[in-house]
Amino acid sequence: NSLVQPGQERILLVDDEESILTMAKRMLEVLGYNVISESNGIKAFETFKSNPAQFDLLMTDQSMPDMSGSELIAEVLKVRPDMPTILCSGYSTKVSEENFTDKSFSLYLGKPYSKNLLSEAVRKVLDGNVKG
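What you see is a predicted model; the values in this text were computed from it and never measured.

A. Representation of unusual backbone geometry in the model. In this chain, Lys111 is followed by Pro112 through a cis amide linkage whose omega measures 0°. Looking at where Pro112 falls in the secondary structure, it is placed in the loop between β5 (107-110) and α4 (115-126). Positive phi outside glycine occurs at Asp66, with the angle close to 70°. Secondary-structure assignment places Asp66 in the loop between β3 (57-61) and α3 (69-79).

B. Focus on the pattern of salt bridges. The final tally for this structure, using the stated rule, is 8 salt bridges. Among the salt bridges present, the one from Lys25 reaches Glu29, with a minimum N-O distance of 2.7 Å. Of the two residues, Lys25 and Glu29 both sit in helix α1 (residues 18-30), 4 residues apart, roughly one turn of that helix. Since its relative accessible area comes to 24%, Lys25 is described here as partly exposed. For Glu38, the salt bridge is made with Lys43, and the minimal N-O distance between the two is 3.8 Å. For Glu38, a relative accessible area of 12% translates into the label buried.

Calculation rules
Residues numbered from 1 in each chain as written. Predicted model: local features only at pLDDT ≥ 70, side-chain atom pairs only at ≥ 80, totals over all residues. Heavy atoms only, no water. Helix = DSSP H or I, 4+ residues; strand = E, 2+ residues; numbered from the N terminus. Salt bridge = Lys/Arg side-chain N within 4 Å of Asp/Glu carboxyl O. Buried < 20%, exposed > 50% of the residue type's maximum accessible area, 1.4 Å probe, protein only.

The structure is reproduced here in structure tokens:
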């Protein structure tokens, strides 16, 4: 069932590529989510740390300068171990979630992704329907 699934939760979205950040933010907002976007992992962590309870989901790109997505997730989980997370990567030809030894994220999402795929992934994680 790949129907677009809306929601109202608050998402922290992180990607160092401005075009992807803008597109993903727009897609999520159209679905009804409240989105705070950051283009840098360190800044995103500061935003998160200032009020960890305000976010329902962290969605981050893996390859970013200064702090990678998996590093950001690790830091966020130290503050809020129950935080749902989605790790995205554009190297989907060779990289799959099997390649990530650190399985601290809730779900892996390859890029590029469609609005349907994005909405499905976000709902799955927010509703706790991911295999542990």
